[in-house]
Amino acid sequence: MKIDMSPEVVAHRLKLVNELRKACLSLARSSAGRDILKKNRNNDTVRRTAKALGHWTHD
């Protein structure tokens, strides 16, 4: 399988990734994201995400 690396296609992929990143960060900052943090404090992925967002206050 050959991956299309033309400038237009790469730019489109980068735009999609950026939109997905913004949506994920928005969800993580929402009340649903805070509920997930409360319910899953011991989950490594949740802790890492919360720390990256500045929500984690203790290790």
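Computed from a predicted model, the values in this text were never measured in an experiment.

A. Fine view of the overall build of the protein chain. Across its full length, the protein chain carries three helices and zero strands. Starting at the N terminus, the α and β elements of the protein chain follow one another as α-α-α. Projecting the C-alpha coordinates of the protein chain onto the three principal axes gives extents of approximately 45 × 20 × 15 Å. Buried positions account for 10% of the 59 residues belonging to the protein chain. Of the roughly 5,200 Å² of accessible surface on the protein chain, a fraction of 59% belongs to carbon and sulfur atoms. The protein chain carries 13 positive and 6 negative side-chain charges, and their two centres are separated by 6 Å.

B. Highlighting the packing of helix α1 (residues 7-29) against helix α2 (residues 31-39). Running from N to C, α1 and α2 point in directions that differ by 65°, and their axes come no closer than 4 Å. Between α1 and α2, the angle is such that the two are roughly perpendicular. Seen from α1, the contacting residues are L27, A28 and R29; seen from α2, they are S31, A32, G33 and R34. Residue composition of the contact of α1 with α2, grouped by class: three nonpolar, two polar and two charged.

Definitions and cut-offs
Residues numbered from 1 in each chain as written. Predicted model: local features only at pLDDT ≥ 70, side-chain atom pairs only at ≥ 80, totals over all residues. Heavy atoms only, no water. Helix = DSSP H or I, 4+ residues; strand = E, 2+ residues; numbered from the N terminus. Buried < 20%, exposed > 50% of the residue type's maximum accessible area, 1.4 Å probe, protein only. Areas by Shrake-Rupley, 256 points an atom, 1.4 Å probe, with all protein chains shown as cover. Lys, Arg positive; Asp, Glu negative; His and termini not counted. Charge placed at Lys NZ, Arg CZ, Asp CG, Glu CD. Axes fitted to C-alpha atoms, helices over the stretch in contact; angles between N-to-C directions. Parallel < 35°, antiparallel > 145°, perpendicular 65-115°, else oblique. Contact = heavy atoms within 4.5 Å. Nonpolar A, V, L, I, M, F, W, Y, C, P; charged D, E, K, R; others polar.

Such coordinate-based values are descriptive only and should not be taken to indicate function.
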